[in-house]
Amino acid sequence: MSAAAEFFAGLPLVYAGMIASLFAGLAAGIGALPVLLISQASQRLLDVLLGTAAGIMLAAASFSLLLPALDAGAEQFGGLVAGGGVAAIGLMLGAGGIWYAHKSLPHEHFFQGHEGARGIAVRRIWLFIFAITLHNIPEGLAVGVGFGGGNVANGLALTIGIFLQNLPEGFVVALALLGLNYPRLAAVGVALATGAVETIGGFVGAGFVSLSQALLPLGLAGAAGAMLFVISHEIIPETHGNGHQSPATFGLVAGFAVMMVLDVVTAGLL
C-alpha cells in the first residue's frame with residue numbers, strides 16, 4: 001500500500017473525505033496561476049479545456065461512482081435488480097438536487113449569461129461565484145462519498161481525477177474574472193477559494209455514507225447524478241456554443257480516457 005493510501009486509511013472516514021476534497025479543490029487555484037502571466041486565451045483552447053474537464057468528470061461518475069454503487073446495492077439489497085433500482089433512485093435524486101439549486105439560486109454561466117432568480121442587490125461577481133460553487137460542490141461530494149465508503153483506492157482515484165479536472169476549470173474561471181477587469185491576484189484568489197468549497201461537499205458526502213453502509217449506494221449514485229447534471233447542463237453547452245464542437249468533444253473523449261486509465265492504475269497500485 002502506498003504512503004498516501006496508508007495516510008488516508010489511518011484517518012476517520014469523515015476527515016479523510018474532507019482532506020482529500022480540499023486537496024482536489026486546491027487544484028483550481030493552481031490551474032489559475034497562468035493568468036499571472038497571460039491575460040487571454042483563444043476560445044477554442046478554453047472549449048477544449050472545459051471539454052477535457054467534462055470527460056474526466058464523466059469517467060469518474062461512471063467508473064468510480066456508478067459501478068461501485070451498483071456493486072454495493074446488489075450486495076446490500078439482495079441482487080442486481082434491487083441494487084440497480086437503488087442506484088437509479090440515487091442517480092435521479094443527485095441530479096434533481098443540483099437542478100433545484102440551479103433553478104433557485106441566482107448565478108451566471110461562464111459565457112452564456114444569467115440563469116435563475118434575479119436579485120437587484122446581487123453583484124455580477126457573486127453570480128459567477130454562485131455558479132462556480134454549484135459546479136464544485138458535487139465534485140467534493142463525490143470525493144467524500146468515495147472515502148466514506150471505506151474504499152481508499154476508489155477515494156484516491158476520485159481525488160486525483162477531480163484534481164486534474166479542476167486545473168483547466170480554475171484557468172477558465174480566472175480568465176473569466178479577468179474579463180470583468182478584476183486584478184490577476186484577485187482572479188487567482190477567487191478560483192482558489194471556490195475550489196476550496198469542495199471541502200464542504202467532501203464533509204457532507206463522507207458524513208452521509210459514514211452514518212450507515214446502507215446509504216453507500218445512494219450516496220455514490222447521488223454524487224454521480226449531480227456530476228452528470230453539471231456535465232450536461234453546464235459544461236457541454238458552454239463548449240458547444242462557440243463553433244468549436246469537434247475539438248471540445250475530442251477533449252471530452254481524451255479526458256474520459258485519462259480518468260479511465262487512472263482509475264484502473266490506481267486500483268492496481270493499491
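Just above sits the structure.
As the structure is a computational prediction, the values presented were derived from the model and not from experiment. (Residues numbered from 1 in each chain as written. Predicted model: local features only at pLDDT ≥ 70, side-chain atom pairs only at ≥ 80, totals over all residues. Heavy atoms only, no water.)

**Regarding the overall build of the protein chain**
Point 1. Helix and strand counts for the protein chain stand at ten helices and two strands.
Point 2. For the protein chain, the N- to C-terminal ordering of α and β elements is α-α-α-α-β-β-α-α-α-α-α-α.
Point 3. Out of the 270 residues belonging to the protein chain, those deemed buried represent 49%.
Point 4. Across the protein chain, the fraction of contacts at a sequence separation of at least 24, relative to all contacts at a separation of at least 6, is 81%.
Point 5. Total accessible area on the protein chain is roughly 11500 Å²; 72% of this is exposed by carbon and sulfur atoms. (Helix = DSSP H or I, 4+ residues; strand = E, 2+ residues; numbered from the N terminus. Buried < 20%, exposed > 50% of the residue type's maximum accessible area, 1.4 Å probe, protein only. Contact = heavy atoms within 4.5 Å. Areas by Shrake-Rupley, 256 points an atom, 1.4 Å probe, with all protein chains shown as cover.)

**Section: the layout of surface pockets**
Take a probe with the size of a water molecule and roll it over the atoms, and the empty space left behind shows itself.
Point 1. By volume, the largest pocket is sized at about 280 Å³.
Point 2. Around the largest pocket, the lining is made up of 18 residues, and of these Gly94, Leu141, Val204, Gly222 and Ala223 lie nearest the centre.
Point 3. Residue assignment for the lining of the largest pocket shows that the elements contributing at least two residues are helix H4 (80-104), helix H5 (124-148), helix H8 (198-211) and helix H9 (216-239).
Point 4. The class makeup of the residues in the lining of the largest pocket is twelve nonpolar, six polar and no charged. (1 Å grid on protein atoms, 1.4 Å probe; cavity = no way out; pocket = protein on both sides within 12 Å on 5 of 7 lines; lining within 4 Å. Points joined across faces, edges and corners; volume = space filled by probe spheres on them. Nonpolar A, V, L, I, M, F, W, Y, C, P; charged D, E, K, R; others polar.)

**Looking at the packing of aromatic side chains**
Where two aromatic rings form a pair, the distance of their centres and the angle of their planes describe that pair.
Point 1. Per the stated rule, a full pass over the model turns up two aromatic pairs.
Point 2. Considering the side-chain rings of Phe23 and Phe163, the 4.8 Å spacing of their centres and the 15° angle between planes classify their relative orientation as stacked. Separated by 140 residues along the polypeptide, Phe23 in helix H2 (residues 13-32) and Phe163 in helix H6 (residues 152-179) bring together distant segments of the chain.
Point 3. Note on Phe23: relative accessible area 43%, which makes it partly exposed.
Point 4. A relative accessible area of 17% means that Phe163 is categorised as buried. (Phe/Tyr/Trp six-rings, centres within 6.5 Å; stacked < 30°, edge-to-face > 60°.)

**Things to note about H8**
Point 1. With 14 residues, H8 ought to run about 20 Å at 1.5 Å a step, and its terminal C-alpha atoms sit 20 Å apart, in line with that.
Point 2. Taken as a whole, H8 has its buried residues at Glu198, Thr199, Gly201, Gly202, Gly205, Ala206 and Val209. The arc that holds the buried residues of H8, viewed along the axis, is 155°, so those residues lie on one side. When the buried face of H8 is taken as reference, the exposed residues oriented beyond 90 degrees from it are Ile200 and Leu211. (Expected span 1.5 Å × (residues − 1). Arc of directions from axis to C-beta.)

**Some details on the nonpolar core**
Point 1. Phe8, Val35, Leu65, Phe147 and Met227 are the most contacted members of the largest nonpolar core, which totals 55 residues.
Point 2. Residue contacts for Val35: discarding those within four places in its chain leaves Phe171, Ala174, Leu175, Leu178, Arg184 and Val188. (Core = buried A, V, L, I, M, F, W, Y, C linked by side-chain atoms within 4.5 Å.)

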